[in-house]
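What follows is each chain in one-letter form.
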Amino acid sequence: MELANTPAANRLHIGIYGRRNSGKSSLINAITGHDIALVSDVAGTTTDPVYKAMEIHPIGPCMLIDTAGFDDEGRLGAMRVEKTRKAMDKTDVALLLFSEGDFQKEAEWLLELRKRKVPVIPVISKADVREDLEGLAAQVKEATGLTPILVSAKEKTGVKELLSALVRVIPEDFEAESITGRLVNEDDVVMLVMPQDIQAPKGRLILPQVQTIRDLLDHKCIVMSVTTDKLARALHALTKPPKLIITDSQAFAAVYPLKPEGTLLTSFSVLFAQYKGDIGAFTEGAAAIDRLTEQSKVLIAEACTHAPLSEDIGREKIPRMLRKKVGPGLTVDMVSGTDFPDDLSPYSLVIHCGACMFNRKYVLSRIQKAREQEVPITNYGVALAKLTGILDKITF
């Protein structure tokens, strides 16, 4: 990934939902001004959700989600509809397409999107070929209470109105304002402790480190980066202690004893717990670690889908630390990517990664799912601070 590109997880995710052949792909082409989505008169051309990263003025970096029709049929159709349903968890704003019909399915999906607190904009696509367009628009308004926007990719009409509507409904909490902004001020010295191990390939920094450095530079901080073994020498070289130390969570045990008095300490994962999720829920969930027994089951959820690595934090280090505290009989299950169970009831605790690869909406949907099932949830950094015994000594 080029550092100049906006990461997919930081883009506004716009989901396009509707029946088969309702004009979803035509709508994407109209919004972007390019023929990037396959348009066909054959119903069901789009199968699995397709994610398209775009820069759209005046919205900025976006991720368009082109979904399969929610009226798909048959066994395969049901599987496609389920994938469309799961795409709602990542959707920040939804465009719900209406075409001729009784609108029963559209009403069901509108209700489900609203339950997930997703802003919805009703749209009639392919407006140039619709008969009785005004009558159709009136029916949509009567059924939903919302005035639809009429869009034609062919005639390039309605696009400006649609983009204006999108700008108006972008959620205020779409993304936390800053990764570090609540902790630092201009000219603060911030030291980053970044172990360069197997999880940070040679010649590269991992995404949370890159994003945190950029955020600190935006706040005009003085940034120093060291590996764990050089921390003591770096601190000695300073004329006064740094305002803040940000470390890899795995290095808490090595970094905390060297932290100068008065210097704040946190980790990349803890910062992302706030930036991508809900730090309150994660710190509250960490208390469940003290209640675990050897009969408990813990679920570790990782956003990445990389091949298992030696000393992997989620697959090896955290399970080892948990079993050291609780006992060797503790069951630890692992899921990665979008494989997150609908039923969390078998688990006494969910531990999520920093989620730099997910958008905030998706992480919050997982937190909400855990809350609804009364299953505690925390994240890597908070869990490691708890297991190291310094959760009350780090900064959120």
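The present account deals with the structure reproduced in this document. The numbers attached to residues start from 1 for each chain and follow its sequence in the written order. Local features in this predicted model are restricted to residues whose pLDDT is 70 or higher, and side-chain atom pairs enter the listing and the counts only when it is 80 or higher, whereas totals over whole chains, interfaces and linings include all residues. The side-chain quantities take in all heavy atoms of the structure and omit both hydrogens and water.

**Details of the overall build of the protein**
Here's step 1: Scanning the protein for helices and strands turns up 13 helices and 14 strands.
Here's step 2: Taking 2.2 N^0.38 as the reference for a compact globule, 396 residues should give roughly 21 Å; the C-alpha atoms of the protein span a radius of gyration of 24 Å, in line with that estimate.
Here's step 3: Its C-alpha atoms give the protein principal-axis dimensions of roughly 75 × 50 × 35 Å.
Here's step 4: Relative accessible area decides the class of each residue, using a 1.4 Å probe on protein chains only: under 20% of the type maximum gives buried, over 50% gives exposed, and in between gives partly exposed. The buried share among the 396 residues of the protein stands at 52%.
Here's step 5: Pairs of residues are marked as contacts when any of their non-hydrogen atoms sit within 4.5 Å. Restricting to contacts in the protein with at least 6 residues of sequence separation, those with at least 24 account for 75%.
Here's step 6: For every accessible area listed, the method is Shrake-Rupley and the probe measures 1.4 Å; residues are considered covered only by the protein chains on display. Counting only carbon and sulfur atoms, one obtains 51% of the accessible surface of the protein, whose full area is about 18900 Å².
Here's step 7: Between the mean site of the 49 positive side-chain charges and the mean site of the 52 negative ones, the protein shows a separation of 4 Å. Numbered from the N terminus, helices here are DSSP runs of H or I no shorter than four residues, and strands are runs of E no shorter than two. When we talk radius of gyration, it's over C-alpha atoms, and the globule rule is simply 2.2 Å times the number of residues to the 0.38. The positive count covers Lys and Arg only, the negative count covers Asp and Glu only, and His and the chain ends enter neither. Here the site of a charge means NZ on Lys, CZ on Arg, CG on Asp, or CD on Glu.

**Side note on the packing of aromatic side chains**
Here's step 1: Put simply, two rings from Phe, Tyr or Trp (the six-membered ring, in Trp's case) pair if the centres are within 6.5 Å, and we call them stacked under 30 degrees between planes, edge-to-face over 60, tilted for the rest. Taken as a whole, this structure holds five aromatic pairs when the rule is applied.
Here's step 2: With a centroid separation of 4.9 Å and an interplanar angle of 20°, the aromatic rings of F70 and W109 are classed as stacked. Of this pair, F70 sits in the loop between β3 (60-66) and α2 (74-87) while W109 sits in helix α3 (residues 104-115), placing them 39 residues apart in sequence. Grouping residues by exposure puts F70 and W109 together as buried.

**Some details on the environment of L330**
Here's step 1: With respect to the helices and strands, the residue L330 is situated in the loop between α11 (313-326) and β12 (331-336).
Here's step 2: Along the chain, L330 and L27 lie 303 residues apart, while their C-alpha atoms are 50 Å from each other.
Here's step 3: Ignoring anything within four residues of it in the chain, the contact list for L330 reads T293, E294, S296, V298, L322 and R323.

**As for unusual backbone geometry**
Here's step 1: A cis amide bond links H57 to the next residue, P58, at an omega of 5°.
Here's step 2: Tracing the backbone through its elements, the reader meets P58 in the loop between β2 (50-56) and β3.
Here's step 3: Here K156, not a glycine, exhibits a phi torsion of approximately 55°, which is positive.
Here's step 4: By the element assignment, K156 lies in the loop between β6 (149-150) and α5 (159-169).
Here's step 5: Under the relative-accessibility criterion, K156 is labelled exposed at 68%.
Here's step 6: Notably, A355 is not glycine yet its phi reads approximately 65°, a positive angle.
Here's step 7: Mapped onto the secondary structure, A355 falls in the loop between β13 (349-352) and α12 (360-372).

**Focus: the nonpolar core**
Note that soluble globular proteins tend to have their nonpolar side chains buried in a common cluster.
Here's step 1: Take the buried Ala, Val, Leu, Ile, Met, Phe, Trp, Tyr and Cys residues and link them wherever side-chain atoms come within 4.5 Å; each set so joined is a nonpolar core. Core analysis: the biggest nonpolar cluster contains 56 residues, and F252, V298, I318, L322, I351, V382 and I394 have the highest contact counts within it.
Here's step 2: Tallying contributions element by element places helix α13 (residues 380-388) first for this core, with six residues.
Here's step 3: Filtering out sequence-adjacent residues up to four positions away, F252 remains in contact with T247, P257, L265, T266, S267, V270, G381, L384, A385, T388, I390 and I394.

**Quick word on the sheet that holds β12**
Here's step 1: Spatial ordering of the open sheet is given by β12-β11-β13-β14, a layout of four strands whose pairing is parallel. Bordering the open sheet on either side are β12 and β14 (377-379), each of which pairs with just one other strand. Sheet twist, expressed as the average angle between the axes of neighbouring strands with direction ignored, equals 25°.
Here's step 2: At least two bridges found by DSSP between two strands is the condition for calling them paired. Of the pairings in the sheet, the one linking strand β11 (residues 297-302) to β12 comprises six bridges and is parallel in character. Looking at the pairing, E302 lines up with S336 of β12.
Here's step 3: Every angle, taken between N-to-C directions, lies between 0 and 180 degrees, and every axis is a line fitted to C-alpha atoms, over only the stretch in contact when it is a helix. The sheet strands contacting helix α10 (residues 279-286) are β13 and β14, and the helix crosses β14 at an angle near 105°.

**Re the pairing of β2**
Here's step 1: As paired strands, β2 and β3 are joined by seven bridges and run antiparallel to one another. In the strand pairing of β3, I56 is matched with G60.
Here's step 2: Taking the residues between adjacent antiparallel strands as the criterion, β2 and β3 are bridged by three residues.

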